[in-house]
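In case you want the letters, here they are:
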Amino acid sequence: GGGGGGGEGRGRVHSHRALENQVEVRVGVHAGNLLIGNIGCPERVNFTVCGSTANSASRLEQLGKTYGVSPLVSGELYRVVRDAFLCVWVDTVVLRGYTMQKTQVYHLVATREAATPEQNEVAGTFHAVRSAIKRLQWDKAQALLDCVDVAAPHFAPYRATVSALATHVVSREAPLIVGTSLCSSYTTLSAKASRNRL
């Protein structure tokens, strides 16, 4: 009897330690061509990937720290998987190293079949915000964001996204984030250019 109790106790300790040692992983995914293989000289060869596709995926992975959600996928990949997977639009950014090249950023949430009503609500809300910003309908975008309850479990992971989009709406600027910092740089755009941003 006593031995069994000790075993249960040890199981609880191991379980507790497992929780303490959880590792968080961020993932960024982009679609395109790349070079993969053993690269280098005979004295030093590394198996690696090269090219703008790999660089973009790396930048998206880094953005996961800023936005607090993962995996993040590019607009290019979203167009490939959107019929099978539910994705939430997160922002429009200029990835570091890609001067003024727009990248749509999405959070890949679940397969369409597995998505919950709450996840579909989140995706629908941010899609509507994106559409309003694209049309420069700032009051509509603000009203949509005002209805978002970031304390709700299904919206809580998108707190940083709501904050970033609220900044765009208040400043009346379409999203344009340079690098991996939410507030690192904004570019003033004409109304015509803004309509073409998203």
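The rules behind each value
Residues numbered from 1 in each chain as written. Predicted model: local features only at pLDDT ≥ 70, side-chain atom pairs only at ≥ 80, totals over all residues. Heavy atoms only, no water. Helix = DSSP H or I, 4+ residues; strand = E, 2+ residues; numbered from the N terminus. Buried < 20%, exposed > 50% of the residue type's maximum accessible area, 1.4 Å probe, protein only. Areas by Shrake-Rupley, 256 points an atom, 1.4 Å probe, with all protein chains shown as cover. Salt bridge = Lys/Arg side-chain N within 4 Å of Asp/Glu carboxyl O. Contact = heavy atoms within 4.5 Å. Axes fitted to C-alpha atoms, helices over the stretch in contact; angles between N-to-C directions. Parallel < 35°, antiparallel > 145°, perpendicular 65-115°, else oblique. Left-handed = near helix turned anticlockwise from the far one by under 90°. Nonpolar A, V, L, I, M, F, W, Y, C, P; charged D, E, K, R; others polar. Phe/Tyr/Trp six-rings, centres within 6.5 Å; stacked < 30°, edge-to-face > 60°.

Chemist: Looking at this structure, how should I read the overall build of the protein?
Modeler: Check the secondary structure of the protein and you find seven helices and seven strands. Helices and strands in the protein line up, N terminus first, as α-β-β-β-α-β-α-β-β-α-α-α-β-α. Burial analysis of the protein (198 residues in total) assigns 37% to the buried set. Counting every atom, the protein has about 11300 Å² of accessible surface; 52% of that belongs to carbon and sulfur.

Chemist: Any chance you could explain the pattern of salt bridges here in plain terms?
Modeler: Two side chains that carry opposite charge are able to pair once their charged atoms sit near each other. Evaluated as defined, the whole model comprises one salt bridge. Note that R26 is salt-bridged to E61, the shortest N-O span being 3.0 Å. One end of the pair, R26, is in the loop between α1 (2–20) and β1 (28–29); the other, E61, is in helix α2 (residues 52–67), with 35 residues separating them in the sequence. Here E61 falls in the partly exposed class, since its relative accessible area comes to 22%.

Chemist: Teacher, can you tell me more about unusual backbone geometry here?
Modeler: Most peptide bonds adopt trans geometry, and most residues besides glycine take a negative phi value. A cis amide bond, omega 0°, links S70 with the succeeding residue P71. Along the chain, P71 turns up in the loop between α2 and β4 (72–74).

Chemist: What should I look at first to understand the side chain of T125 in this one?
Modeler: By the element assignment, T125 lies in helix α4 (residues 117–134). Exposure remark for T125: the relative accessible area of 16% places this residue in the buried category. In contact with T125, not counting residues within four places along its chain, are V148 and F155.

Chemist: When you look at the environment of Q62 in this model, what are you seeing that I'm missing?
Modeler: By the element assignment, Q62 lies in helix α2. With a relative accessible area of 22%, Q62 lands in the partly exposed category. For the pair Q62 and L72, spaced ten residues apart in sequence, the C-alpha to C-alpha distance is 9.4 Å.

Chemist: Is there a simple way to think about the packing of helix α5 (residues 138–146) against helix α6 (residues 159–171) in this case?
Modeler: Helix-helix packing is characterised by the crossing angle of the two axes and by the distance between the axes. Axis separation between α5 and α6 bottoms out at 10 Å; the angle between their running directions is 155°. With respect to each other, α5 and α6 are oriented roughly antiparallel. As for the relative orientation of α5 and α6, their crossing is left-handed in sense. Two secondary-structure elements touch here, α5 through W138, A141, Q142 and L145 and α6 through V162, L165, A166, H168, V169 and V170. Considering only residue class, the contact of α5 with α6 consists of eight nonpolar, two polar and no charged.

Chemist: Can you help me understand the packing of α4 against α6 in this one?
Modeler: At a minimum axis distance of 12 Å, the contact between α4 and α6 shows a crossing angle of 20°. Our classification of the angle between α4 and α6 gives roughly parallel. Handedness of the α4/α6 crossing: left-handed. On α6, the residues that touch F126, V129 and I133 of α4 are T161, V162, L165 and V169.

Chemist: What exactly am I supposed to notice about the packing of aromatic side chains here?
Modeler: The geometry of two aromatic rings is summed up by the distance between their centres and the angle between their planes. Inspection of every chain in the model, using the stated rule, returns three aromatic pairs. Centroid distance Y78 to Y106: 3.9 Å. Interplanar angle 10°. Geometry classified as stacked. In this pair, Y78 is assigned in helix α3 (residues 75–81) and Y106 in strand β6 (residues 102–111), connecting sequence segments 28 residues apart. Note on Y78: relative accessible area 16%, which makes it buried. Judged by centre distance (6.2 Å) and plane angle (75°), the rings of F126 and F155 are edge-to-face. Of this pair, F126 sits in helix α4 while F155 sits in the loop between α5 and α6; the two residues are 29 residues apart in sequence, bridging distant segments of the chain. Judged by relative accessible area, F126 falls into the buried class, the value being 0%. Overall, the relative accessible area of 4% leaves F155 in the buried class. Every member of this aromatic cluster is reached through a ring pair, and the members are F126, F155 and Y158.

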